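Architecture at a glance
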Amino acid sequence: MPERRLTAKPEIALVLGAGGARGLSHIPVLEALDELGVKPTLISGCSIGAIVGAAYAAGLSARDLREHVLQSFRDRARVVAKLLDARVGKLTDLVRGLGNPALIDGERLLDLFWPEAVPDRFEELAIPFTAVAADYHRHVELVLGSGPLTPAVAGSLAIPGLVRPVALGGHVLIDGGAIDPLPYERLLAPGRIVVAVDVSAPPATVSDARIPGAMESIVGASQILTRTLVQRMVERRPPDILIRAGLDGIGGLDFFKAKTILAAAEPVKDEVKRALARALEQAG
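Read on for an overview of the structure. Here the structure is a predicted model, which means the values were calculated and not measured. (Residues numbered from 1 in each chain as written. Predicted model: local features only at pLDDT ≥ 70, side-chain atom pairs only at ≥ 80, totals over all residues. Heavy atoms only, no water.)

It is worth spelling out the overall build of the chain at this point. Counting its secondary structure elements, the chain contains 10 helices and eight strands. Its C-alpha radius of gyration of 18 Å places the chain within 12% of the 19 Å reference for a compact globule of 284 residues. Viewed in the frame of its principal axes, the chain has a C-alpha envelope of about 65 × 45 × 35 Å. For the chain, buried positions account for 50% of its 284 residues. If you take every contact in the chain between residues at least 6 apart in sequence, the share linking residues at least 24 apart comes to 77%. When the accessible area of the chain is evaluated, it comes to approximately 13900 Å², of which 55% is carbon and sulfur surface. Mean positive and mean negative side-chain charge positions of the chain (32 and 33 charges, respectively) differ by 2 Å. (Helix = DSSP H or I, 4+ residues; strand = E, 2+ residues; numbered from the N terminus. Rg over C-alpha atoms; globule rule 2.2 N^0.38 Å. Buried < 20%, exposed > 50% of the residue type's maximum accessible area, 1.4 Å probe, protein only. Contact = heavy atoms within 4.5 Å. Areas by Shrake-Rupley, 256 points an atom, 1.4 Å probe, with all protein chains shown as cover. Lys, Arg positive; Asp, Glu negative; His and termini not counted. Charge placed at Lys NZ, Arg CZ, Asp CG, Glu CD.)

Dropping the structure here:
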């Protein structure tokens, strides 16, 4: 029996949250939308959600994104070489007290890993898109939706200690997950269905006495903050549709497990389809 395609009467706003490598689970959600023939009227993303959201807003299909991700992380040596190329400093900088030799330039990282079809400016995207970042000095949320795309998304994913902050438009941007890891609240409105995809990491279900390394601690602290903020947001005012995706036990930097992450997220596609069908029927 062929799949019934839905015609969305209300606006559909898609929000893709922060969560590191778990954010690859956004892709099956996008595949569900493509299979239904439903296109969001606007997309908002934070951190990994901004990376995936911008690429989808550029007009790439979810299948294109899946293939690009699997191809990108198939060759570990090539990925490591790209990451080394995107470093801000050198190992000698640590000895000389000049900074963190592992710090990554987020803009260069995006140039290395984004599909070529992603344009340079927000205005060139096929679907309106906003990236959420935090203003380091002013301690406020910044919603970026015009001008240069790459620095805005690089700022949205700039985890302190891992990715260099981005100076843009008189602001210094850091990871949006520090302030609004699932930026759906400002989009809630009559006549609109807000679909928010949470890929934040839940706490471990088993006791683990292992001491994390320095890099793992940095990313892990970010994951704890993200989960805590999302939980409080949802308890205060949930989105119209909340989809929780992401494989448990996946670390923030486990991108080499892309195939496993995508496979584990397959069941979420049916959940997305059912939730949208209910919401559209109620709206109609």
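What follows is about the pattern of salt bridges. Applying the stated criterion across every chain yields a total of 18 salt bridges. A salt bridge links Glu 31 to Lys 269; its shortest N-O distance comes to 3.7 Å. You can see Glu 31 sitting in helix H1 (residues 26-36) and its partner Lys 269 sitting in helix H10 (residues 268-283), a full 238 residues away along the chain. The partner of Asp 198 in a salt bridge is Arg 244, with the nearest N and O atoms 2.2 Å apart. Linking Asp 198 in strand E7 (residues 192-198) with Arg 244 in strand E8 (residues 241-244), this pair joins segments that are 46 residues apart in sequence. Within this structure, Glu 31, Glu 35, Arg 66, Glu 266, Lys 269 and Lys 273 form a network of salt bridges that share partners. (Salt bridge = Lys/Arg side-chain N within 4 Å of Asp/Glu carboxyl O.)

This paragraph deals with the side chain of Thr 226. Along the polypeptide, Thr 226 turns up in helix H8 (residues 214-236). With sequence-adjacent residues up to four places away left out, Thr 226 is seen in contact with Ala 18, Gly 177, Pro 181 and Ser 200.

The nonpolar side chains of soluble globular proteins are, as a tendency, buried together. Core analysis: the largest hydrophobic core is formed by 71 residues, its most contacted members being Phe 129, Leu 149 and Val 153. In terms of residue count, the dominant contributor to this core is helix H2 (residues 48-57) (seven residues). Other than its neighbours up to four places away in sequence, Phe 129 contacts Ile 43, Ser 44, Gly 45, Ala 50, Gly 53, Ala 54, Ala 57, Phe 122, Leu 144, Gly 145, Leu 149 and Val 153. (Core = buried A, V, L, I, M, F, W, Y, C linked by side-chain atoms within 4.5 Å.)

In this section: unusual backbone geometry. Phi at Ser 47 takes a positive value of approximately 60°, unusual for a residue other than glycine. With phi around 60°, His 139 is a residue other than glycine that occupies positive phi space. Overall, His 139 belongs to the exposed group, its relative accessible area being 64%.

Moving on, we come to the side chain of Asp 175. Residue placement: Asp 175 occurs in strand E6 (residues 171-175). For Asp 175, which is buried and forms no salt bridge, the nearest opposite charge comes from Arg 22, at a distance of 13 Å. Within the structure, the side chain of Asp 175 is placed 3.3 Å from the side chain of Ser 47, a separation counted as a polar contact. When residues no more than four places from it in sequence are discounted, the contact partners of Asp 175 are Ser 47, Ala 134, Gly 155, Ser 156, Leu 157, Ala 158, Ile 159, Pro 160 and Ser 222. (Polar contact = N/O pair within 3.5 Å; in protein donor to acceptor, adjacent residues only side chain to side chain.)

On the surface, Val 80, Leu 84 and Phe 256 cluster together to form a nonpolar patch covering roughly 230 Å² of accessible area. Note on placement: Leu 84 falls in helix H4 (residues 76-85). Here Leu 84 falls in the partly exposed class, since its relative accessible area comes to 46%. (Patch = residues over 30% accessible without salt bridge, like charges linked within 9 Å, V, L, I, M, F, W, Y side chains within 5 Å.)

Mapped onto the elements of the fold, Leu 30 is located in helix H1. What makes Leu 30 buried here is its relative accessible area of 0%. Put simply, Leu 30 and Ala 62 are 32 residues apart on the chain and 5.4 Å apart in space, counted from C-alpha to C-alpha. Discounting chain neighbours no more than four positions away, the residues touching Leu 30 are Leu 14, Val 52, Tyr 56, Ala 62 and Leu 65.

Tracing the sequence through the fold places Ala 77 in helix H4. Expressed as a C-alpha distance, the spacing of Ala 77 and Val 153, which sit 76 residues apart in the sequence, is 25 Å.

We now examine the environment of Ala 167. Tracing the sequence through the fold places Ala 167 in strand E5 (residues 166-168). Judged by relative accessible area, which is 68%, Ala 167 ranks as exposed. Note: C-alpha distance between Ala 167 and Val 272 (105 residues apart in sequence) is 37 Å.

This paragraph deals with the packing of aromatic side chains. A full pass over the atoms with the stated rule returns four aromatic pairs. Measuring from ring centre to ring centre gives 5.9 Å for Phe 73 and Phe 113, while their planes differ by 5°; the resulting arrangement is stacked. With a gap of 40 residues between them, Phe 73 in the loop between helix H3 (62-72) and H4 and Phe 113 in helix H6 (residues 106-113) connect regions that are remote in the sequence. Like Phe 73, the residue Phe 113 is buried in the burial classification. Centre to centre, the rings of Phe 122 and Phe 129 are 5.9 Å apart; their planes meet at 15°, and the pair counts as stacked. A residue is classified by how much of its surface remains accessible, and Phe 122, at 6% relative accessible area, is buried. Ring pairs connect the aromatic residues Phe 73, Phe 113, Phe 255 and Phe 256, which therefore count as one cluster. (Phe/Tyr/Trp six-rings, centres within 6.5 Å; stacked < 30°, edge-to-face > 60°.)

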